Amino acid sequence: MTFKAEVFNLNHLDNFEPKDIGFDVKQALSFAIEYPEIRQVMAFTKEAKTIFICGLSYISEGIWEAWLIPSKDIKKYAKETVRSMRDFTDWLFEYHSAHRLQIAVKEENCKWAKAIGFQFESIVKKYHKGVDHYMYIKVRE
């Protein structure tokens, strides 16, 4: 059984136990859904439980940045998560006519970025809370 992908609403937080990511998830997601023209937010659920929430933020014409907030259970669903994120990023290229998609990840998440099909581009020094992040990209060929 695969995930059910739904446009995010705050009710998705009722059955969501996020990993500790260092910020208030509800506050960040409330902000994200206020601006649908520049942010797309989706919840991926299984059996009424939110496994992860991901989104896209508009950078400039044809360029978007993807992000993901995992639940504590995401490792149980690694293969499904990778498949769903590949489908989601493929959709972006079609639906938004994007030519570049980027993600900035901590070192421990580089393996996920590669599995989803992103290629390493650079190290972004002190990207978030003084921590270096690794920029990965997917470009339309």
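The shown structure was predicted, so the numbers you read here are calculated from the model rather than taken from an experiment. (Residues numbered from 1 in each chain as written. Predicted model: local features only at pLDDT ≥ 70, side-chain atom pairs only at ≥ 80, totals over all residues. Heavy atoms only, no water.)

## Some points on the sheet that holds strand β4 (residues 63-70)
Paired through their backbone hydrogen bonds, the strands of a sheet run either parallel or antiparallel.
Point 1. If you walk across this open sheet you meet the seven strands as β1-β2-β3-β4-β5-β7-β6, and the pairing is mixed. Of all the strands in the sheet, the pair left with one neighbour each is β1 (4-7) and β6 (119-128). Sheet twist, expressed as the mean angle between neighbouring strand axes with direction ignored, is 30 degrees.
Point 2. For β1 and strand β2 (residues 39-46), the ladder comprises four bridges, and the chain directions are antiparallel. Bridged to E6 within β2 is A43.
Point 3. Along the sheet, helix α1 (residues 25-33) makes contact with β2, β3 (49-60) and β4, crossing β2 at roughly 125 degrees.
Point 4. Along the sheet, helix α2 (residues 78-95) makes contact with β2, β3, β4, β5 (100-105) and β7 (131-139), crossing β3 at roughly 30 degrees. (Pairing = 2+ DSSP bridges. Helix = DSSP H or I, 4+ residues; strand = E, 2+ residues; numbered from the N terminus. Axes fitted to C-alpha atoms, helices over the stretch in contact; angles between N-to-C directions. Contact = heavy atoms within 4.5 Å.)

## Remarks on the pattern of salt bridges
Point 1. The full count for this structure, using the stated rule, is six salt bridges.
Point 2. Between K49 and D73 there is a salt bridge whose closest N-O contact spans 2.3 Å. Here the residue K49 occupies a position in strand β3, and D73 occupies one in the loop between β4 and α2, the gap between them amounting to 24 residues.
Point 3. Since its relative accessible area comes to 16%, D73 is described here as buried. (Salt bridge = Lys/Arg side-chain N within 4 Å of Asp/Glu carboxyl O. Buried < 20%, exposed > 50% of the residue type's maximum accessible area, 1.4 Å probe, protein only.)

## Structural notes on the environment of T2
Point 1. Mapped onto the elements of the fold, T2 is located in the segment before β1.
Point 2. Assessed through its relative accessible area of 52%, T2 is described here as exposed.
Point 3. Separated by 44 residues in sequence, T2 and K46 have C-alpha atoms that sit 7.4 Å apart.

## Digging into the packing of aromatic side chains
Point 1. What the rule picks out here adds up to nine aromatic pairs.
Point 2. Between F120 and Y136 the ring centres are 5.6 Å apart and the planes differ by 70 degrees, which places this aromatic pair in the edge-to-face class. Note that F120 is positioned in strand β6 and Y136 in strand β7, a separation of 16 residues in sequence.
Point 3. Three or more aromatic residues joined by ring pairs form one cluster here, namely F3, F44, F52, Y77, F88, W91 and Y95.
Point 4. Between the NZ or CZ atom of K138 and the centre of the ring of F118, over which it lies, the distance is 5.4 Å. (Phe/Tyr/Trp six-rings, centres within 6.5 Å; stacked < 30°, edge-to-face > 60°. Lys NZ or Arg CZ within 6 Å of the ring centre and 35° of its normal.)

## Here's the deal with α1
Point 1. All of the buried residues along α1 are V25, L29 and A32. An end-on view of α1 places all buried positions within 55 degrees of arc, on one side of the element.
Point 2. The elements touched by buried residues of α1 are β2, β3 and β4. (Arc of directions from axis to C-beta.)

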